[in-house]
Amino acid sequence: MELKELRAQIDEIDQELVTLFGKRMEICAAIGDYKVANNMPVFVPAREREKLLDVAQQAGPEMANYTRVLYSMLFELSRSYQSKRTDKRTELYQQITHAIETTPKLFPQDAMVACQGVEGAYAQIACEKIFHDPFIMYFKNFEGVFSAIEQGLCKYGILPIENSTAGSVKKVYDLMIKHKFSIVRTFRLKIDHYLLANHGATMDSIKEIYSHEQAINQCSEFLAKLNGVTIIPVENTAVAAEMVAKSGRTDVAAISSRSCMELYNLDCLDANIQDKGNNRTRFICISKDLEIYPGSDKTSIMMILNHKPGALYRVLARMYVLGINVTKLESRPIPDRDFEFMFYFDLDTSIYSEEFVQLICELDELCDEFKYLGSYSEVV
């Protein structure tokens, strides 16, 4: 049989499938209306498992898994359609609506901002890109930044969350699980690393190099070429430069920013030592209260899912059904809870879209627990 004929047969079958799909969705809508009228849950796991087993057996061994995947997607489409028809407005939706209405139309130009490290840190540079005239308070670690926001010591906080070369900043993700905050803006900062040392130092004299572990990872190729040099992680790149300057030694160096060279009166032994030329770190700006500024087109959420096959698939399938693009997916183990993980999602979706509203109103159906982290725009 010719390819043209085979395709013609496929087209005929597809016409039947589309017609039957429409009929199936109409019946699903009627079922959804009945459930709402009788105060019944939309999702009935036992019924779904029974149905998946039935269709898999009907399909036979060779097609069983394919059929199970097809019907899993059909179920997500059905639930999403049923949920949309109910026009449910959850408490979270009301909070988001209130935040949109009460947040100022312009992002603040000056504010009290918490950053980790000391003067010259990359967080400071990101902060000055986000705010025109910030007053910065420095904290020793990331925990201090979160605590400053929760206690009201600072209005905003700046934290690195991921790097294009070294990946996610795991410590920040772990702290995001335990702290309450909202993301109000993000910024991607171009990172150029410099090897800085005191006057009189040379490459041959360096025996120790200090920097933050992320910066060390971002310069791994450069560091691998050095012989007899000990690499020592410290809490911040600017702290590393400050340590070198205060030591007065000519056998130590720091991987840090160009601004630290001038700030701590250090020499540059080598410039742009990062592995990738397009090395960028994404910083989040957090606040205690939910603030949603005009133009917000990105959303971040965290979910705790059942430790069962298909749990993550259900969430991703629902987002796919709604046409929402997932730009980041990170999982972190939850302390003191065996085999349970918190999943972090970054989503591309305008706060004004119907898809965003529907997802927000369906979150409680998709997981055991969730945390809405905020909707925001990214400064470029």
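Report follows, based on the coordinates. (Residues numbered from 1 in each chain as written. Predicted model: local features only at pLDDT ≥ 70, side-chain atom pairs only at ≥ 80, totals over all residues. Heavy atoms only, no water.)

Here we take up the packing of aromatic side chains. Counted by the stated rule, this structure contains seven aromatic pairs. Their ring planes at 65 degrees and their centres at 6.2 Å tell us that Tyr-71 and Phe-75 sit as a pair that is edge-to-face. Remark: Phe-75 and Tyr-71 occur in helix 3 (residues 64-86); sequence separation between them is four residues, near one turn of the helix. By the ring-pair criterion, three or more aromatic residues cluster together here, those being Phe-107, Phe-131, Tyr-156 and Tyr-293. Just above the ring of Phe-107 sits the side chain of Arg-185; from NZ or CZ to the centre is 4.2 Å. When the ring centre of Tyr-293 is taken as reference, the NZ or CZ atom of Arg-185 above it lies at 5.9 Å. (Phe/Tyr/Trp six-rings, centres within 6.5 Å; stacked < 30°, edge-to-face > 60°. Helix = DSSP H or I, 4+ residues; strand = E, 2+ residues; numbered from the N terminus. Lys NZ or Arg CZ within 6 Å of the ring centre and 35° of its normal.)

This part covers the side chain of Arg-79. By the element assignment, Arg-79 lies in helix 3. Engagement of the side chain of Arg-79 in a polar contact is seen with the side chain of Glu-48, the distance being 2.5 Å. Leave out the neighbours within four places in its chain, and Arg-79 touches Val-42, Phe-43, Glu-48, Arg-314 and Arg-318. (Polar contact = N/O pair within 3.5 Å; in protein donor to acceptor, adjacent residues only side chain to side chain. Contact = heavy atoms within 4.5 Å.)

Our focus in this paragraph is the pairing of strand 9 (residues 252-256). Every other side chain in a regular strand lies on the same face of the sheet, so the side chains alternate between the two faces. Within strand 9, five of the five residues are buried, leaving the element largely enclosed by the surrounding structure. By the alternation rule, side chains of strand 9 split into Val-252, Ala-254 and Ser-256 and Ala-253 and Ile-255, which are all buried. Both strand 6 (residues 194-197) and strand 9 contribute to a ladder of four bridges, which runs antiparallel. Across the sheet, the residue bridging to Tyr-194 is Ser-256, located in strand 9. As paired strands, strand 7 (residues 208-211) and strand 9 are joined by three bridges and run parallel to one another. Within strand 9, the residue paired with Glu-208 across the bridge is Val-252. (Buried < 20%, exposed > 50% of the residue type's maximum accessible area, 1.4 Å probe, protein only. Pairing = 2+ DSSP bridges.)

Another aspect to go through is unusual backbone geometry. Most peptide bonds adopt trans geometry, and most residues besides glycine take a negative phi value. Although it is not a glycine, Asn-265 sits at a positive phi angle of roughly 55 degrees. In this fold, Asn-265 is placed in the loop between helix 11 (258-263) and strand 10 (267-271). At Asn-272, a residue that is not glycine, the phi angle is positive and equals roughly 50 degrees. For Asn-272, a relative accessible area of 43% puts it in the partly exposed group.

Our focus in this paragraph is helix 10 (residues 237-247). For helix 10, the complete set of buried residues consists of Thr-237, Ala-238, Val-239, Ala-240, Ala-241 and Val-244. Those residues of helix 10 that are buried lie in contact with helix 5 (122-130), strand 6, strand 7, helix 8 (213-218), strand 9 and helix 11. Its side-chain oxygen at 2.8 Å from the backbone nitrogen of Ala-238, Asn-236 defines the N-terminal cap of helix 10. Following helix 10 by one or two positions, Gly-248 adopts a phi angle in the positive range, close to 75 degrees.

A word on helix 13 (residues 354-366). For an α-helix the count is 3.6 residues per turn, leaving residues at separations of three or four pointing the same way. An ideal rise of 1.5 Å per residue puts 18 Å on 13 residues; helix 13 measures up with 18 Å between its terminal C-alpha atoms. In the structure, helix 13 departs most strongly from a straight axis at Ile-360, where the bend amounts to approximately 35 degrees. Among all positions in helix 13, only Phe-356, Val-357, Gln-358, Leu-359, Ile-360, Cys-361, Glu-362, Leu-363 and Leu-366 are buried. Close packing links the buried residues of helix 13 with helix 3, helix 4 (91-102), strand 12 (298-304), helix 12 (311-321), strand 14 (341-348) and strand 15 (369-379). (Expected span 1.5 Å × (residues − 1). Bend = angle between axes of the 7 residues up to and from the residue.)

Another point: a nonpolar patch on the surface. Taken together, Met-1, Leu-3 and Leu-6 make up a surface patch of nonpolar side chains, about 330 Å² in accessible area. Structurally, Met-1 can be placed in the segment before helix 1 (3-37). (Patch = residues over 30% accessible without salt bridge, like charges linked within 9 Å, V, L, I, M, F, W, Y side chains within 5 Å. Areas by Shrake-Rupley, 256 points an atom, 1.4 Å probe, with all protein chains shown as cover. Salt bridge = Lys/Arg side-chain N within 4 Å of Asp/Glu carboxyl O.)

What follows deals with the sheet that holds strand 10. Hydrogen bonding along the main chain pairs the strands of a sheet, whether they run parallel or antiparallel. Pairing in this open sheet of five strands is mixed, and the strands run 8-7-9-6-10 from one edge to the other. Here the strands that pair on one side only, and so sit at the sheet edges, are strand 8 (230-233) and strand 10. Mean inter-strand twist for the sheet, computed between neighbouring axes without regard to direction, equals 30 degrees. (Axes fitted to C-alpha atoms, helices over the stretch in contact; angles between N-to-C directions.)

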